Structures are given as structure tokens and as C-alpha cells.
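Structure at a glance
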Amino acid sequence: MKRLPILALLLWLCAVFYVGIFLFVGGFLLVRLEVNRTSTCADVLLPEGGPADFCPEGRQRFRKAVIIIIDALKFDFARFDPSNTQPRPYENKMPVFDELISSRPSQARLYPFRADPPTTTMQRIKGFTTGSLPTFIDVGNNFASSAILEDNLVQQLGEVGKRVVFMGDDTWENLFPKKFHRSLPFPSFNVKDLHTVDDGILKHLYPIMMGDDWDVLVAHFLGVDHCGHRFGPDHPAMADKLTQMDGVIRSVLDRLQDDTLLVVMGDHGMTDTGDHGGESQKETDAAIFLYSPSPLFPASSSPSEPEVVPQTDLVPTLALLLGIPIPYSSVGQVLLPVFSPDGQTQGAPAGLSQGEALWINAKQVNRFLETYSSMARDIPPDSLSQLQFTFSQLSSQYLQALQHGQHPSPQLLASLQAYLTSVRDTCRACWARFHPAKMVAGVAVLGLACLVTLLVSELSSALAGEGGFLRTPALGGLAAGLCVAGGQLATQGYLEVSWGLCAAAFTSEMLVLWRTRRVLTSGGGAGVCGRVWLATPSLLTPPILVLLLRCVSLLSDSYVIAEGRAVTFLLFSLGLYVPLRLNWDGLLLPPAPDPQKPPGLLPSPVTSPSAVRRESGALLGCVGLLVGTLYLSLSFHSCREEQGSCQPSPFLSPLARIQDSQVKNLQYGLSLTSLAAWTLLLRRWLRHYGNLNSSGGTVLAARWLLPLTCVCAGLHWAVSSAPEDGFRNLAELISLAQEALPRAAFALLGLGLLLLWLDPLTVFTKTRGPAPGASAPLLPPPPRYRASTGISPEAELHHLIPQLYQRMRLSMEDGRAAGGGAEAEGRPAVEAYGLGSVYSAPLVLLCGLLGLGLLLLHPEGMSLAFLLLMLEMGALLHMHASATTLSALQGAHSGGFQVPWAPLVLWSLAATQFFHATGHLPTFTSIQWGAAFVGFPRGHVGTLLPASLVTLNTFSSHILFAVGCPLLLFWPLVCEVRVPRTGGGGEEGGEDAAVMEMRLRENPQQFSCALLQLSTRYLFINGAQVLASVCAAAILRRHLMVWKVFAPKLMFEASGFLVSSVFVLIGVALVMRVDGAVGRWFKRLLPESSR
């Protein structure tokens, strides 16, 4: 096998796909333009008129402010319902708000506090400190927070000399480095830790409040959010946390001074499972509570009372109440009830009136709009003109009222509010900025990549052995990229990498197309596995039509929402197609003899009818197993917010969340049983084919490291499911075990993977003594020591391969003819165990080891889902093997080792289907962040390791099916049957030797061709789905559901392709390493004279 040319070609194909994805994402998910200007007290906003715009002397309503952020405080948590006599754990646990509103209506208000998606903590902090709107791509920065460069409240407070003291979530320290007078950050990423951050805040909160070394105090509590992530809102732990927060607020109220404003708010809500990040109402609706020891609100409700307060409105409201400039980029609107109609408040310092606050707010927003529109062109001109015209009219009306010494009318105030709302809505609609040129370039590169991959797969026989095929395209692409980069530097003075990569990828793709055209015209692709079906009718086979239907479905939001069941249906339908097609072709049953023909004219039977029936029965049994696993896997699906009455699988909840001890014990027992079955099935398969007999590193991993890892996993699940309050005396030991057991499992798996790579050969050889006479049988007798091999007598007889390799057979026959056999020369015959499955055994073990590691990153209940995944993989492999065998038995097989489209499409659909069957969804709220803390309960220092763990958890099914893809090539050979045949003269011709995977060694060129074709076809299938997602996002970029459905689907589809392609390369590289090890084994085995 020519390894380097194949790997180089696959790497190049992956690279051009990556470039296409990078280009399109760069044009589709752009961050909005940030205006890096700052408001100051000296600013004069146009048109001039009225009081000083910012920092009006003597008009500051509050001298101090205490801002308490209770992360994930949804409105349902803060609301109190006295009629609810049987509240759930998250209901009626914070009565302090209702008590204050009832007893002091002019001093307290509670509002729903609506966030703009994405509802992740970092974006929410940006929102209620800058007053700007987030963009979609910002969600990726949630755990790698970069400093905020836009004007914000923290910066403005510092500019006017106010001392800001912060304590709590360390995200603030990353967003506002060196901006606080005093900072007490605590690590925020460990969602399993409910108390460290909150206890740290409480240790310092009250002493600081009693001192005088602060003006604004910010405390960000995380316990409620972490409790939601770990247990969900409907858990006793949530009741405890909310009760604790109620007590904290009461203690703060006792220490509050008269000139201090108290703000208690949540940054976002949470779903019924405790997650957040999306845009459902449960995620966006938090709570905000405002309280002042002196009167602040109208005693009775007024028309200006809002039903919902957008989070951006907090910024201008706090700024004007504290007497500081409104941040430059804010598009928020002041909360009108906190300002009196005439600016006078009984028993409190005079502040701005409602008209003055709205006027300053409107002028500030208009200034930002003019600045932004001069820097960017993403606001439509007609919308911009309409907003400018509206502001001009309102300005004239306001200034006329001032000239006549009148207060602005209620109608004018309502018009100013409507203007501010229109600006925010226009910005929200327009800040999905697209770069059409990059999007078109990305689609073009991806489309050409799919076409090139398809051509390479069909020309694999001609390209597998060409070492210099990529030389011209690679050099041409490099030259084009450098020319574009040089042109940019010469004309613009800066370098934009995107266009250089685009030129390189596009040029190299065109050169590859030119090279393939030369191969076509020269007839180089006319080999067995290099046929080119470029005619449209030949391409529209049922498997390709299923793939096309799958791609088309990605343009429908309904199908994306119901993707789990839609893919299951496609997988089920294509699985049934396999036996139906065989039956249609007359291959499922033995051919019936024609009674009208004379007996002497009947042809010799091609094969035994019993063998055909046996293979047909195996095929139908595998189809039944496939249907069963598909049906059971539906029990592990999660639910999207759009699916209404859908109930998520109970297996998605960690055992620690389950309160019923019987249910917990039952689920734990089921998880252990599935884990044991996973290990036993792997070991049984390896033992059956004789791959557990050698003393190499791979066998060591299978014999010892695999079961030890299972033991560590089972103990880890038991320790993790223990209630926190159940074993107080063993708390330290449990904490140590939660850290040590997963790390031990990961270490064992890492050692096993290392041994598998270093020594992938699983062949055991032994010599056989000289035969008593020259008439020794061709097939050797069974070994004389079964105990040491550990395999059954049937396996010894069927899978023992004494003379598998053709060269070995010929050398032994030549030796007998020359001098009475190999034994006469003193060179014993060889018995080799496991040689028939030498390629597939390391891949099976690799899938088993990776599967265990990935299972550790999931909730315990997913153990059964992973067992179903293994059974489905086996069913698909055996279906493919049986279909190939049935075709070969009746002479319908075309020869060669190529894998048809049907099993490959089934394999890819199964990867997507088990993405959903392991509890994942193409939404950010479904990401299982808890995977980052398996083995690291105390958190991480950086973000690379937790991001890697979450990625492995999310794309587990993609990884297993990608790395196991070469098994589709090997499985028909592993399941090869030996059938009796009759010679042409009617004499018994013996049996065809089941040489199994050694056929690949006898045909290295066909082996290389088949491996290249298999890999490129799988890349094409996955790349076509990425191209469909890209086209859906581009075509539907103004669709109502683009940011809720199509953009997340694009991100998950692209990420899945990246992960799948990497592990396809790993699987192919392992096959090549095994091939090299087999070649070295034969060289050691056969003396130079006999080769």
C-alpha cells in the first residue's frame, strides 16, 4: 500500500473543506462594528437646549448603589403567589420582594427583566453594562471572555471618581481588567460547585457595606445558576439556594443607607432542565427588583409602568440616577417610573424629571446612530432617514415646549419612548451583518470540494498510486495565495488571510479538476474500483437519493427541529432497502432449478443453497436488530423548546439529580449492566477471531486495561451519585474519589491507546513439528494446547490460518517438492492466530477504548445508549457483509473491495442519529457543560482542556463512526465463508480457503484503491451535508428562525464535519500502521530465500 500519497490526498481534501467553512462562517457570523468612543461630562449633545446633558450639578438622585446579581434568577423564582399552597422547590422561596412591594409601594418594584439572546453570562454582562445588543457569534466567547472595549457603566463610574467594589463571578475581572477600586473574584466555571462563590461573597459583603470605602458595590452570586445546571430548578437544592438568597437580601436591606439604591437582578433565566443560552422565554426572562429607602416610585401604578424591562434599559437608568454619562453605544431606554414627572421627590434629593431624562436619552441615542451610520453601512438608508426625520420633529416639539416654559406633554413623552424603541428594534434587525463576498466564496469552495471529493472517490484506482498527483495543485494554490497576499500588502497596506486562503483553495481545486480530466481522457480510471458514473441516472440510486433528501431537509426549520426522528426514519428506510434490493435482484434466496430443462443441461451449482439461506437469515436478523436499536434509541432523545409537549429522556439526568432511591438504584444497575456488556462483547469478538493470544501491547490493553477502566467508571458513577448530605464523614474521601477515579480511567485509556498505536499487531504464531510423512495434509490439525490460547475449538478450526498468505503457501509447496517439505529442511510450518482479522481487530479495540472514554463524559444513563450504538454498528456491518457475501455466492459480486454507497450513507446517518440518541441537539442550550468537570471537579486553569472535553462529549457519535469507518472495508472479509465447490468434471474440489483479510495483502493496489475510495466517499457524504447547511443559512439568512434554528445547525454541522474528518484520518492512519506492521511480520517470518 502506498501510504503517503493517500494520506496527503485526504489531508488536502479536508483542508479545502476547512477553508470553505472558514470563509462562509467569516461572512455569515460577523461581530457588529464596535464604536470605540466614550461619553464624558463635558459632552454637548445636539440640539442644545434644556439642562446640562450629562453630570448635571445637584441633580444626582443617589450617591451610592448596591447591585446584586443572582445568576439565572428567572422571574418565576422571584414571584410570590400566596394562593399556591403546594409550591414546587423553586416557587415562593423569596417572599422578601412581595413583602416590600406590599408594605412600601413607593419604594420597591419587581419587573420581568428580558435579556437579548444569546443568554449566556458574558453576553448578559456586556448587555447591562454597555447598553448594546450582542451578536450571535459572541456566544463562542462565553468562556474566554475578552475585555470590553466599548464605553460602559464600570468605566464611566471610574471616570467620575466613584469607587466600584466587585465580588463574585470572575468573568467580570476578565471583562473589566483593572477597572475596579477593589475586586474579589471567584472561579465561575465549575457548575458542580454551589457554594464557593456565594460563601466567598458573603464573607466580604456585609463588612464592606458597613465601611465607607465604596460608592458602587457589585456582587454576582452563582449558586442558583450552578444548582440549575447540576440538579435543575425542580430540586430541593434549588429551594435551599433561593431561601439563602432571600436571607441575603434581607440582610442587605438592614444595612442599606438612605442615599443608596438597591438593584437585585438576574442576568438570564433557565429552562426546565436548568440550562440557558438560547432565546426561549424561559431563558430570556429574568427578574429585576429596585428598592430605595426613600420614595422612588409613584404610590400607585401609572401609565408609564412597563410590563417588561429590557436589560439594555438598565444602563441609561442607572447612569442618570447616579449622575454619570450614559455610555456612548447604549441603545437602551430610561425606565420612566424611577423619574418623577416634575423632578421633585418627597424626602429625597431632587433628580431629573421624566421629560429631561427622556430628552437626554434620545439625544444620546441619536448621536450614537449618526456616528455608527457614518462608520458602517448596515442600517438601511430608508430606515435611517425615517429615524432622523422623527428625531428632528421631536426635537422641535421639545424645544418649543421649553421656550414657552411648559413641561413636555404626555404625548411627546410617549413619542420619545416610541422613537427610542424604534432605534433599538432597527439595530436589532440590522446587526446580523453579512459579508456577501465571503459567503459566496465559501459556498463556491465547499461546492468544488464536494465535486472534487466525488471525482477522487470514483477515480481512486488511478489516483491511489500517483505520488505526484498533488504536486502541481499544491504549488499552484500556494503561488495564488502568495500573489493575493502580496497584492493586498501592496495596495491596501494590510493582509486579510481569508482571501489568500480562498485563492489558494480555489486554484488548487481547479488544478485538481484539470488533472482528473486528464486521467479521464487517458482512461486511467477504468479499473475495477475506479469507474466513473458521471451520468445523472447512474448517480440517482436510492442511497444517493436518501442523501439528497437528507440535504434538502436541512433547508426546512421543521425538519431541523425534528431532525432526530427524521434521520431515524431515513436510516430505517434505507436499512429496509438493502434486503428488498437483494430480493429484487434474486440474490436473497438460492436460485430454484428450472424443471423444464433436461438434467444433463443443468449447470453445476455455484454454491451451496444452505450457505445462501444462512446468509439471508443473518441479514434479516441484522435488519431486525437495526430496527430494534432504532426504536429503543428514541428513548434517549432530548427536547427542543419548539417541540412543545415533548418530554426529555429521564436517562439524561445524572444519578445525583434522582431523588427516588429505588429509581436511582435501578438506573445505576442498568448502567453497570450496559457497561459490562460493552466490555464483554468486545472481548468476545476479539477472542472469537483469535486476537487475544499474543503478548503484545494491544492484547494487554484488551485483556486488562479495558476491564480496569470499566471498574473505575462504575465506581465513579457510584461516588458521583452519592448525595452531598448523606456521607458527611466521608466528604473528603468522596471528593478525592470524584477526582481520582475518572482521571485513573482516562490514564488507563490513554495508555491503552498508546499501546495500540505502538504495537497494533494482534497475531499469535507458533511452530508445528515435522509431519511423519511427506503426505501431510494441507490443513494442519488443531493446536495441542488450547488452554494457553483461550479460544474455543470451533474458533481454532475456523479461524486458524496456517497457510494464509499466498507467498507462504507457495514457498512451503516449493519446499516439499524440492526436498520432502519444509519440515525436511528443519524449517517448521507456521500456525498464525488472528491473522484473518489483523486489520479490523485494532480498529474494533480503538472504538471500544474511545467509546468508554466518551461514555465517561456523559451522564450515567447514557451507558445503555452507547451499548445500543455498538449493537447498531454491528448490525450495519453484518448487513453489509451479508449483502456482499450473498452477491459473491451467486456470482453477482463485481470483484474488488470497494464499499457501495448504501452502507456508507447508512453509516453517516447512524452517526447523526446517535448524536440525538445520546441526548444532544444542534442548540447551544443542549451542550452538556458538565463534561468539562469529569475528573476535574475543582475546575480548570485554562479553557483548552474543558473545551476539548465538551467537544468530545458533544460529537461522541461522530467520533466513533468516523474512526470505525474502515471497518466497512474489512467486515465482509472478516465474515467470509468457506463454501464447497465442485470442479468442472464433477469431482469435489474441496473448499475455498477463508483467507479473510489477507486477501488485501495479496492485492495491495486494490487495497489502496478501496481505502481511498471509502474515505473520500465518507468525506463527500458529510461534506454534502455541510454544504446543504451552508446553503440553508445563506438562502434563509433573513428568515425568522435563522438565529434560532439554521445558524446553530450550521455551527454544529460544520463542527461535526471537522471532528469527523480528523478521526477518519486517524482511522486510516491506524490501518496503514497495521499494514506496515503486517509487512514487517511477514519479512521476519519468511527467510530471504523463500520470498
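Within each chain, residue numbers correspond to sequence positions counted from 1 in written order. Reporting in this predicted model follows two pLDDT cut-offs: at least 70 for local features of residues, and 80 or more for side-chain atom pairs to be given and counted; totals over whole chains, interfaces and linings ignore these cut-offs and use all residues. Only hydrogens and water are set aside; all other atoms, that is, all heavy atoms of the structure, feed into the side-chain values.

1. A closer look at the confidence of the model for the chain
- Residue-level confidence of the predictor is what pLDDT reports, using numbers from 0 through 100. Looking at the chain as a whole, its pLDDT mean stands at 83, while 83% of the residues score no less than 70.
- Per-element averaging of pLDDT across the chain places helix α27 (residues 786-789) at the bottom with 30 and helix α34 (residues 956-963) at the top with 97.
- Working rule for contacts: check all heavy atoms of both residues, and any pair within 4.5 Å makes them a contact. Contacts for the low-pLDDT stretch residues 815-828, under 50 throughout, to residues beyond four places or in other chains number 18 contacts.
- Across residues 979-993, where pLDDT falls below 50, the model places 24 contacts with residues more than four positions away in sequence or in other chains. Numbering of helices and strands runs from the N terminus; a helix is a DSSP stretch of H or I covering at least four residues, while a strand is a stretch of E covering at least two.

2. Some details on a nonpolar patch on the surface
- Surface patches are defined over residues having more than 30% relative accessible area and no salt bridge, joining like charges when they lie within 9 Å and nonpolar side chains (Val, Leu, Ile, Met, Phe, Trp, Tyr) when within 5 Å. For every accessible area listed, the method is Shrake-Rupley and the probe measures 1.4 Å; residues are considered covered only by the protein chains on display. By salt bridge we mean one thing: a side-chain nitrogen of Lys or Arg within 4 Å of a carboxyl oxygen of Asp or Glu. Together, F22, L489, L495, V497 and L501 make up an exposed nonpolar region whose accessible area comes to about 450 Å².
- The residue F22 is located in helix α1 (residues 3-28) in this model.

3. Description of the packing of helix α8 (residues 223-231) against helix α9 (residues 236-254)
- Here an angle of 0 to 180 degrees is reported between the N-to-C directions of two axes, which are lines fitted to C-alpha atoms, with helices fitted over the stretch in contact. Across the interface, α8 lies against α9 with an axial gap of 9 Å and an inter-helix angle of 175 degrees. By the angle between their axes, α8 is roughly antiparallel relative to α9. Within the contact between the two elements, α8 uses G223, V224, C227, G228 and F231 and α9 uses A237, M238, K241, L242 and M245.
- Partitioning the contact of α8 with α9 into residue classes produces seven nonpolar, two polar and one charged. By the definition adopted for this analysis, an angle is roughly parallel if under 35 degrees, roughly antiparallel if over 145, roughly perpendicular if from 65 to 115, and oblique otherwise. The classification used treats Ala, Val, Leu, Ile, Met, Phe, Trp, Tyr, Cys and Pro as nonpolar, Asp, Glu, Lys and Arg as charged, and all other residues, Gly among them, as polar.

4. Examining the environment of S882
- Mapped onto the elements of the fold, S882 is located in helix α31 (residues 862-889).
- Taking the C-alpha atoms as reference points, S882 and L619, 263 residues apart in sequence, are found 5.6 Å from one another.
- Beyond its immediate chain neighbours, meaning those up to four positions away, S882 contacts E615, A618 and L619.

5. Quick look at the pairing of strand β3 (residues 164-169)
- Counting buried residues in β3 gives six out of six residues, a clear majority hidden from the surface.
- Two strands pair under a simple rule: DSSP has to find at least two bridges between them. Inspection of the sheet shows β3 paired to strand β5 (residues 216-221) by five bridges, in the parallel sense. Following the sheet pairing, F166 is matched in β5 by V218.
- Sheet topology places β3 next to strand β4 (residues 182-186); five bridges connect them, and they run parallel. In the sheet register, D169 faces β4, and the bridge partner there is F186. Only protein chains enter the area calculation, which uses a 1.4 Å probe; residues under 20% of their type maximum are buried, those over 50% are exposed, and those in between are partly exposed.

6. What about the sheet that holds strand β2 (residues 108-114)?
- A sheet is described by the order of its strands in space; here eight strands give the open sequence β4-β3-β5-β1-β6-β7-β2-β8, paired in mixed fashion. Each of the sheet's edge strands pairs with one partner strand only, and the pair in question is β4 and β8 (309-310).
- Bridge analysis of strand β6 (residues 260-265) against strand β7 (residues 285-291) gives four bridges, and the strand direction is antiparallel. The partner of M265 across the bridge, within β7, is I288.
- Strands in contact with α9 are β1 (64-70), β5, β6 and β7; relative to β1, the strand with the most contacts, it is inclined by about 175 degrees.

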